[in-house]
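Given next are the chains, with one letter for each unit.
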Amino acid sequence: MATEKDVLQFVIIPPYEQRAAVAAAKERFEHYLGNRFPGYGFKVGPFAPVGEEDEFCVLPIMNFLGDDGKSYMCNQPKRWLLQEIAAACRQFDLQGLRHFAA
């Protein structure tokens, strides 16, 4: 009997033009997403030829090892969740200026 699990980990691929800025803010960006979506983990990946070149690409980690040592597929995440994560990525302040106090 296969074990069922929901996706809990995502890889975020930045748009080509923003790859350097996202890489420079990688830790802050991953922390921001973790706070926006508690219970989920995020890793920023390098630019890759997936998705749209000018949009953030949210890739769910779909496989996991069961107790029996076999690899299983997670339940597919809801489309709205992927869209919300991508929207949060677009809202992130790459320069880190929004939260400075005067």
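Attention here is on the structure that accompanies the text.

Rules behind the numbers
- Residues numbered from 1 in each chain as written.
- Predicted model: local features only at pLDDT ≥ 70, side-chain atom pairs only at ≥ 80, totals over all residues.
- Heavy atoms only, no water.
- Core = buried A, V, L, I, M, F, W, Y, C linked by side-chain atoms within 4.5 Å.
- Buried < 20%, exposed > 50% of the residue type's maximum accessible area, 1.4 Å probe, protein only.
- Helix = DSSP H or I, 4+ residues; strand = E, 2+ residues; numbered from the N terminus.
- Contact = heavy atoms within 4.5 Å.
- Pairing = 2+ DSSP bridges.
- Axes fitted to C-alpha atoms, helices over the stretch in contact; angles between N-to-C directions.
- Phe/Tyr/Trp six-rings, centres within 6.5 Å; stacked < 30°, edge-to-face > 60°.
- Lys NZ or Arg CZ within 6 Å of the ring centre and 35° of its normal.
- Parallel < 35°, antiparallel > 145°, perpendicular 65-115°, else oblique.
- Left-handed = near helix turned anticlockwise from the far one by under 90°.
- Nonpolar A, V, L, I, M, F, W, Y, C, P; charged D, E, K, R; others polar.
- Lys, Arg positive; Asp, Glu negative; His and termini not counted.
- Salt bridge = Lys/Arg side-chain N within 4 Å of Asp/Glu carboxyl O.

**As for the nonpolar core**
Here comes step 1: Core analysis: the largest hydrophobic core is formed by 24 residues, its most contacted members being Ile12, Phe29, Leu33 and Ile85.
Here comes step 2: For this core, the elements supplying multiple residues, two or more each, are β1 (9-13), α2 (26-36), β2 (41-44) and α3 (79-91).
Here comes step 3: A per-element tally of this core places α3 first, with five residues.
Here comes step 4: With residues up to four places along the chain from it excluded, the contact list for Leu33 reads Ile12, Phe42, Ile85, Ala88 and Cys89.

**Remarks on the sheet that holds β2**
Working definition: the strands of a sheet are paired by backbone hydrogen bonds and lie parallel or antiparallel to each other.
Here comes step 1: Strand order across the open sheet formed by three strands is β2-β1-β3, with mixed pairing between neighbours. Every other strand in the sheet has two partners, leaving β2 and β3 (57-60) as the edge strands with one partner each. This sheet shows a mean twist of 25 degrees between the axes of neighbouring strands, independent of strand direction.
Here comes step 2: Across the sheet, α3 is in contact with β1, β2 and β3; its angle to β1 comes to roughly 45 degrees.

**Focus on the environment of Glu53**
Here comes step 1: With respect to the helices and strands, Glu53 occurs in the loop between β2 and β3.
Here comes step 2: Using a relative accessible area of 53% as the deciding quantity, one classes Glu53 as exposed.
Here comes step 3: For the pair Glu53 and Glu17, spaced 36 residues apart in sequence, the C-alpha to C-alpha distance is 8.3 Å.

**Re the packing of aromatic side chains**
Here comes step 1: A complete count under the given rule lists seven aromatic pairs for this structure.
Here comes step 2: On the numbers, 6.1 Å between centres and 55 degrees between planes, the contact of Phe37 with Phe42 is tilted.
Here comes step 3: What makes Phe37 buried here is its relative accessible area of 8%.
Here comes step 4: A cation over a ring is seen here: Arg19 above Tyr16, with NZ or CZ 3.9 Å from the ring centre.

**Describing the packing of α2 against α3**
Here comes step 1: For the pair α2 and α3, interaxial distance at closest approach is 11 Å and the crossing angle is 135 degrees. In terms of axis orientation, α2 runs oblique to α3. Crossing hand, α2 versus α3: right-handed. Between α2, through Phe29, Tyr32, Leu33 and Arg36, and α3, the contact on the second element is made entirely by Ile85, Ala88, Cys89 and Gln91.
Here comes step 2: Among the residues making up the contact of α2 with α3, the classes are represented as six nonpolar, one polar and one charged.

**Examining the side chain of Glu30**
Here comes step 1: Mapped onto the fold, Glu30 is located in helix α2.
Here comes step 2: Buried charge without a salt bridge: Glu30, with Lys26 as the nearest opposite-charge side chain at an N-O distance of 4.3 Å.

**What about the pattern of salt bridges?**
Here comes step 1: Enumeration according to the criterion identifies one salt bridge in this entry.
Here comes step 2: Where Arg90 meets Glu55, a salt bridge forms, and the shortest distance between an N and an O atom there is 3.4 Å. Placement of Arg90 in helix α3 and of Glu55 in the loop between β2 and β3 is noted, with a sequence separation of 35 residues between them.
Here comes step 3: Residue Arg90 is classed as partly exposed on the basis of its relative accessible area of 47%.

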